[in-house]
Amino acid sequence: MTSNDKSDLTPAERAAFAALPTEREPSRVLEERTVHELRRRGLLSKAGRRSSWGRLPMLAAGLAAALALFVSGITVGQWLGSRAVADSMAAAQQENALELAAAVQRAGSAYVTTLTALAQLTDSSGNGALAQGREAALTALYAAARELVLLAPDDPVAIAIRDGLDRRWSAAATAGQADVRNVVWF
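Described below are features of the structure shown in this document. (Residues numbered from 1 in each chain as written. Predicted model: local features only at pLDDT ≥ 70, side-chain atom pairs only at ≥ 80, totals over all residues. Heavy atoms only, no water.)

Turning next to the packing of helix H4 (residues 129-151) against helix H5 (residues 156-174). Packing of H4 against H5 leaves a shortest axis separation of 8 Å and a crossing angle of 135 degrees. The angle between the axes of H4 and H5 places the two elements in the oblique class. Here the hand of the crossing between H4 and H5 comes out left-handed. Residues Glu135, Leu138, Thr139, Leu141, Tyr142, Ala145, Arg146, Leu148 and Val149 of H4 form the contact with H5, whose participating residues are Ala158, Ile159, Ile161, Arg162, Leu165, Asp166, Arg168 and Trp169. Residue composition of the contact of H4 with H5, grouped by class: 11 nonpolar, 1 polar and 5 charged. (Axes fitted to C-alpha atoms, helices over the stretch in contact; angles between N-to-C directions. Helix = DSSP H or I, 4+ residues; strand = E, 2+ residues; numbered from the N terminus. Parallel < 35°, antiparallel > 145°, perpendicular 65-115°, else oblique. Left-handed = near helix turned anticlockwise from the far one by under 90°. Contact = heavy atoms within 4.5 Å. Nonpolar A, V, L, I, M, F, W, Y, C, P; charged D, E, K, R; others polar.)

Rendered as structure tokens:
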């Protein structure tokens, strides 16, 4: 008869089986023998020897790993952030360069249009307005040529315009008209 086959038992026997403990606490001697055998095989350390000094190398290694992970996270974050800033700055510079090129185009067109209108006028009033306009146009041209030489130092056209205007004003300075080039009326 097996323990699962309870059909042959009387009600009293069933009650006796139900009253039996399903688990039993091992004896103290069995526990000590098991612990002794596990220690002898090296599977269990002695309870008295375990101290916080035994865990110190693992604690130090864990702290070093955490610190390395933290520092590498900061470094990677800063690198990614600086790369994003550099990309946005390059895009902003590209946009600014396009805007500035368009502004130069508009200013150049306005300059040429104004010079065309100035060339069609005659100075009948005698107050020198036409000469003053011509002088202002030359001064603006000279300033633009100077800036263009700074922008493109090897451009022979910009250098020739700047040098030609330099010669004009040095000739004007020897004739006593040195202050004419510094006055621009707008």
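Having seen the model, we can carry on.
Glancing now at the pattern of salt bridges. As enumerated under the stated definition, the model contains 6 salt bridges in all. Put simply, glutamate 37 and arginine 40 hold a salt bridge, and the shortest N to O gap is 2.4 Å. With glutamate 37 and arginine 40 both in helix H2 (residues 28-40) and 3 residues apart, this pair spans about one turn of that helix. Accessibility expressed as a relative area gives 57% for arginine 40, which makes it exposed. The partner of glutamate 135 in a salt bridge is arginine 168, and the shortest N-O contact between them spans 3.1 Å. With a gap of 33 residues between them, glutamate 135 in helix H4 and arginine 168 in helix H5 connect regions that are remote in the sequence. (Salt bridge = Lys/Arg side-chain N within 4 Å of Asp/Glu carboxyl O. Buried < 20%, exposed > 50% of the residue type's maximum accessible area, 1.4 Å probe, protein only.)

In this section: the nonpolar core. By size, the foremost hydrophobic cluster in this structure holds 5 residues: Leu138, Tyr142, Leu165, Trp169 and Ala172. Those elements that provide at least two residues to this core are H4 and H5. Broken down by element, the residue count for this core peaks at 3 residues, all from H5. Beyond its immediate sequence surroundings of up to four residues, leucine 165 is in contact with Leu138, Leu141 and Tyr142. (Core = buried A, V, L, I, M, F, W, Y, C linked by side-chain atoms within 4.5 Å.)

So, about the side chain of glutamate 135. Assessed through its relative accessible area of 11%, glutamate 135 is described here as buried. Looking at glutamate 135, its side chain comes within polar contact range of the side chain of arginine 168, at 3.1 Å. (Polar contact = N/O pair within 3.5 Å; in protein donor to acceptor, adjacent residues only side chain to side chain.)

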